[in-house]
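Listed below are the residues making up each chain.
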Amino acid sequence: MVNKRRSLPPSLTIKLGKWVWTTLWQTMMSKLAPRNNSGEYIRPVSLFRQTVGIQPENKYQPATKRYRLFVGLGCPWAHRTIVVRALKGLEDAISVTIASPAGDKGIWVFEEEEEGCNTLPELYNLAQPGYNGRATVPVLWDEQTKTIVNNESADIIVILNTEFNHFAKNSNLDLYPEQLKAKIDQWNEKIYHTVNNGVYRCGFAQSQEAYEKACQELFTTLDEIDNMLSTSRYLCGESVTLADVRLFTTLFRFDIVYYGLFKCNLRRIKDYKYLSVYLQDLYKLPGIAETCNLEAVKKDYYGNLFPLNPGGIIPLGPDLNS
């Protein structure tokens, strides 16, 4: 006797599959990327915002070998901090611990135990017992008081630029000079919203309208920068500043990750006449290449952002020499 089992019509199978996947995708994305009612990605704010300084009332005084950076090699926000550390020549004064994302757990983990901790959430709990918020890199850690001084990259790079000159090999390099602060701040504000966070607003958008808005803003700013660089070596003139550092770590990842995975595919950085040269110029600055790890970037993004790349397959390309 032949058992004739009825199967669902192809159209119903597709509709059911899309409904199941969309529901799961929205659930996962709500955890990965908070959004507003329009489906726009809203980046959570950093909560640890203390600073280092010589003021008598500041308990975090500048010192060599007292502070440690916890970073992830794939993370552009953490990358900023080790770029400034390299440019200033603070390698001997401030140590670095590399954390890696554990995609199946959604947390950062250490290769070796640090401060009795194996994961970044454990480190946050050591700094603030009972902490249950986001545990992100970078972290500027005080080994003397066993706590987090700051976990906002924009703050940390200013601290590294100004507060450790006594221990810096390149103490004369000022990446945030007084006469350029207003211009640097203007670029930082625009670049943060439309480029640094803009690529995430594209990749983490949960509606077509939110994606298109973010994508258009992103490329409007990139076009503007490319045009400006036709007459200027760097964003604020002939000297590199923190504005360039903040832009660099996004541009470095753009053609490799954001162009494809985050759907930022109107143009590549290599398609821009001046931006492409600018990126290469920054990469060739002393110490910068050593902070860049393309394979870690691809592995961290393609291997761990499950809602954007469910198969976890890491692409072989792109061939940056072509």
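Residues numbered from 1 in each chain as written. Predicted model: local features only at pLDDT ≥ 70, side-chain atom pairs only at ≥ 80, totals over all residues. Heavy atoms only, no water.

Asks: What's the story with the overall build of the protein in this structure? I'm lost.
Replies: In terms of helices and strands, the protein carries 10 helices and six strands. Scaling as 2.2 N^0.38, a compact globule of 322 residues should have a C-alpha radius of gyration of about 20 Å, and the protein matches this with 22 Å. Seen through its principal axes, the protein has C-alpha atoms that stretch 90 × 50 × 35 Å. Classification of the 322 residues of the protein by burial places 49% in the buried group. Look at the contacts in the protein between residues 6 or more apart in sequence, and 67% of them connect residues 24 or more apart. The distance from the centre of the 36 positive side-chain charges to the centre of the 35 negative ones in the protein is 9 Å. (Helix = DSSP H or I, 4+ residues; strand = E, 2+ residues; numbered from the N terminus. Rg over C-alpha atoms; globule rule 2.2 N^0.38 Å. Buried < 20%, exposed > 50% of the residue type's maximum accessible area, 1.4 Å probe, protein only. Contact = heavy atoms within 4.5 Å. Lys, Arg positive; Asp, Glu negative; His and termini not counted. Charge placed at Lys NZ, Arg CZ, Asp CG, Glu CD.)

Asks: Hey, could you run me through the pattern of salt bridges in this one?
Replies: Two side chains bearing opposite charge may form a pair once their charged atoms approach each other closely. A complete count under the given rule lists 13 salt bridges for this structure. Between Arg201 and Glu217 there is a salt bridge, and its shortest N-O distance comes to 2.9 Å. Of this pair, Arg201 sits in helix 6 (residues 198-203) while Glu217 sits in helix 7 (residues 208-228), placing them 16 residues apart in sequence. Relative accessible area serves as the criterion here: at 14%, Arg201 is assigned to the buried category. (Salt bridge = Lys/Arg side-chain N within 4 Å of Asp/Glu carboxyl O.)

Asks: Please explain the sheet that holds strand 5 (residues 139-142) as it appears in this structure.
Replies: What holds strands together in a sheet is hydrogen bonding between their backbones, with the strands either parallel or antiparallel. The strand order 4-3-2-1-5-6 describes an open sheet built from six strands, whose pairing is mixed. Each of the sheet's edge strands pairs with one partner strand only, and the pair in question is strand 4 (117-119) and strand 6 (147-150). The average undirected angle you get between the axes of adjacent strands in this sheet is 35°. Sheet topology note: the strand 5/strand 6 ladder contains three bridges and is antiparallel. Opposite Trp141, over in strand 6, you have Ile148 as the bridge partner. Contacts between helix 2 (residues 76-88) and the sheet are confined to strand 1 (67-72) and strand 2 (95-102), with strand 1 contributing the most and set at about 130° to the helix. (Pairing = 2+ DSSP bridges. Axes fitted to C-alpha atoms, helices over the stretch in contact; angles between N-to-C directions.)

Asks: What is the right way to read the domain arrangement of the protein from this model?
Replies: Often, the extent of an interface is quoted as the loss of accessible area upon association of its parts. The domains assigned to the protein are domain 1 (67-167) and domain 2 (178-284). For domain 1 and domain 2, the distance between their C-alpha centroids amounts to 24 Å. Contacts between the two partners involve 13 residues from domain 1 and, on the opposite side, 12 residues from domain 2. Across the domain 1/domain 2 interface, buried area totals approximately 1100 Å², and carbon plus sulfur atoms make up 70% of it. The three residues of domain 1 that bury the most area against domain 2 are Pro76, Trp77 and Arg80, which together make up 49% of that side's buried surface. One can count zero salt bridges joining domain 1 with domain 2. Counting across the interface, domain 1 meets domain 2 through six residue pairs in polar contact (both at pLDDT 80 or more). Taken together, the elements giving at least two residues each to the side of domain 1 that touches domain 2 come down to helix 2 and helix 4 (153-162). (Domains from an automatic or database assignment. Buried area = accessible area lost by both parts, 1.4 Å probe. Polar contact = N/O pair within 3.5 Å; in protein donor to acceptor, adjacent residues only side chain to side chain.)

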